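Descriptive analysis of the structure
One letter stands for each residue in the lines below.
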2 protein chains.
Amino acid sequence: MGEWYRNGEPVGEISIASRGLHYGDGLFETIAIRAGSARLWEYHAERLTQGCERLGLKAPHTDQLLQQVTDAIRQSDVPEAYCIAKIIVVAAPGLRGYGRPRPIETETYVGAFLTQPVALDKYHKGLDTLLCETRLACGSPFAGLKTLNRLEQVLARSEVLEARLFEGLTMDADDRLICGTMSNVFLVAENKISTPQLNRCGVAGVMRRLVVDVLADTDCKVQEIDINREQLASADEVFLSNSQFGLLPVKSCADWCWDVGPVTQEVMRSLAEQGIRECRL
Amino acid sequence: MGEWYRNGEPVGEISIASRGLHYGDGLFETIAIRAGSARLWEYHAERLTQGCERLGLKAPHTDQLLQQVTDAIRQSDVPEAYCIAKIIVVAAPGLRGYGRPRPIETETYVGAFLTQPVALDKYHKGLDTLLCETRLACGSPFAGLKTLNRLEQVLARSEVLEARLFEGLTMDADDRLICGTMSNVFLVAENKISTPQLNRCGVAGVMRRLVVDVLADTDCKVQEIDINREQLASADEVFLSNSQFGLLPVKSCADWCWDVGPVTQEVMRSLAEQGIRECRL
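Residues numbered from 1 in each chain as written. Chains lettered and ligands numbered in written order. Predicted model: local features only at pLDDT ≥ 70, side-chain atom pairs only at ≥ 80, totals over all residues. Heavy atoms only, no water.

Relative to chain A, chain B is turned by 180° and slid 0.0 Å along the rotation axis, the superposed coordinates differing by an RMSD of 0.0 Å. Expressed as a symmetry operation, the mapping of one chain copy onto the other fits a two-fold axis. Taken together, the interface assignments show that 100% of the residues at the interface of chain B recur at the interface of chain A, consistent with an identical surface on both copies. (Least-squares fit on C-alpha atoms with pLDDT ≥ 70 in both. Contact = heavy atoms within 4.5 Å.)

Structural data, given as structure tokens:
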């Protein structure tokens, strides 16, 4: 279940009046800790800060927050060489009802979790995935953010676990491809790379951003576009990104099959050069 | 902040591993307690049970749940003559990640809260309201349900409080009228009553259902339809429903004004006959 800390002190419970419980009034980040360091910290900190702004919450000071993350990992029993830190920033408890108390304070919790690397053969051979029946609602005011409102992912994830798979792809209510249940998705077609734009729903992952940034100045710049079912089906290669596993090829979804191809492998090499060791095959 | 109970015992905290906090993996009900009884209990119980089914959660036994509600109100310091009970049903804590542990257990919490009746002149004169800038996402898998994913309402409610108003109306991302931030909405035009259909987003309130049910066999049957901005603007009368206040006329929203008219008053009389005493003017 992980070990949790608040202001450096271990904590096992939160107030039942927490606005996190009642409304999901907050945000989170899930950070890969590798060799004692918070990987892609700047990206996590930036998304969290922007998320707080959009939600009208006071963002934690990111330097202090990084210190809290580092301290939590050291205090905990999880190996700092390879583990996960989770940050939750949540609106402080208030009266009953949707309205926040004013001024609104935030509470920050940091958790430390064990994790295992994904088996190497998945990087080589790719994943079999599912096309989830659960659809994501369109036009969310929180598109791109990692808020505590994650019921869509919970239901989509239940489908994946039910099918005994590692991951599933999700579409939005208008039949556009958006992401995996815990990952972002990229297509390769005619040597061009595209990924769904996330202006209506979905979470803009930090590893997605790294892929976009790393390829920004190459002739293989990622296009952020709307992607429909036919474009997914006709892609040459499909791969997923996630803060923990880095990048994984997809070899199938429903009846569609794809090769683990040269573009995916090239992007994996680029990520490995950026320090994403999971991609160093 | 309310007094909370679980299985008859007072409780002030929940596990920080709660899937309610992390994902909003659960549902709630907010029930008017009047003269010691849970008003519209059957409607609340039915929505909660259907919600649990759609979320894949085990629903609490409704008779036992009603007993827990009654006991909580009696145990608490709130006056059982007139107060609010809140039920939270939440997926039990599990491992980190969206995937639920299997089999999934649920936890049920019951809270007792003080409340005040809405001032009588609001029933007579109607409310000034706001058109919220916050939009509701369309095509939600949880349309109609009262899940713990309520960030849209939190942001919309912030707009209402900022404007020092009682309520605001919300549209969805496709510019359809859906509801108030904590109420459902009805329009009267040419002596016909309509209310937004809630198949893409919104919460199907119990008082909304009572209005629909009470008028079902009259020649003023409520039509559940898509409603756009122009239809709202050109309505003759507008009113809101909510489990606590019953029914309240709306006299303005943004630049639009409406009369507190005869159809609204007739519906209020019908609700009063059904035991919604707030509507007995």
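To continue, consider the pairing of strand E4 (residues 26-34) of chain A. Residues and elements named next belong to chain A. Among the nine residues that make up E4, nine are buried, leaving the element largely enclosed by the rest of the structure. In E4, alternate side chains face the same way, and those of Gly 26, Phe 28, Thr 30, Ala 32 and Arg 34 on one face and Leu 27, Glu 29, Ile 31 and Ile 33 on the other are all buried. The pairing of E4 with strand E6 (residues 82-91) spans nine bridges and is classified as antiparallel. Bridging across to E6, Thr 30 finds its partner in Lys 86. Of the pairings in the sheet, the one linking E4 to strand E5 (residues 37-38) comprises two bridges and is antiparallel in character. Counted as the bridge partner of Ile 33 is Ala 38 from E5. Remark: two residues form the turn of the hairpin made by E4 and E5, two consecutive strands paired antiparallel; Ala 35 in that turn has positive phi of roughly 50°. (Buried < 20%, exposed > 50% of the residue type's maximum accessible area, 1.4 Å probe, protein only. Helix = DSSP H or I, 4+ residues; strand = E, 2+ residues; numbered from the N terminus. Pairing = 2+ DSSP bridges.)

With 12 residues, helix H5 (residues 151-162) of chain B should cover 16 Å at 1.5 Å per step; its first-to-last C-alpha distance of 16 Å lies within 8% of that length. When you tally the buried positions in H5(B), you get nine out of 12 residues, the bulk of the element. Here H5(B) has its buried residues at Leu151(B), Glu152(B), Gln153(B), Val154(B), Leu155(B), Ala156(B), Arg157(B), Glu159(B) and Val160(B). Where H5(B) is buried, its residues contact helix H1 (19-23), E4 and helix H2 (41-55) of chain A together with strand E8 (127-131) and strand E9 (167-171) of chain B. Arg164(B) sits one or two residues past H5(B) and shows a positive phi near 55°. (Expected span 1.5 Å × (residues − 1).)

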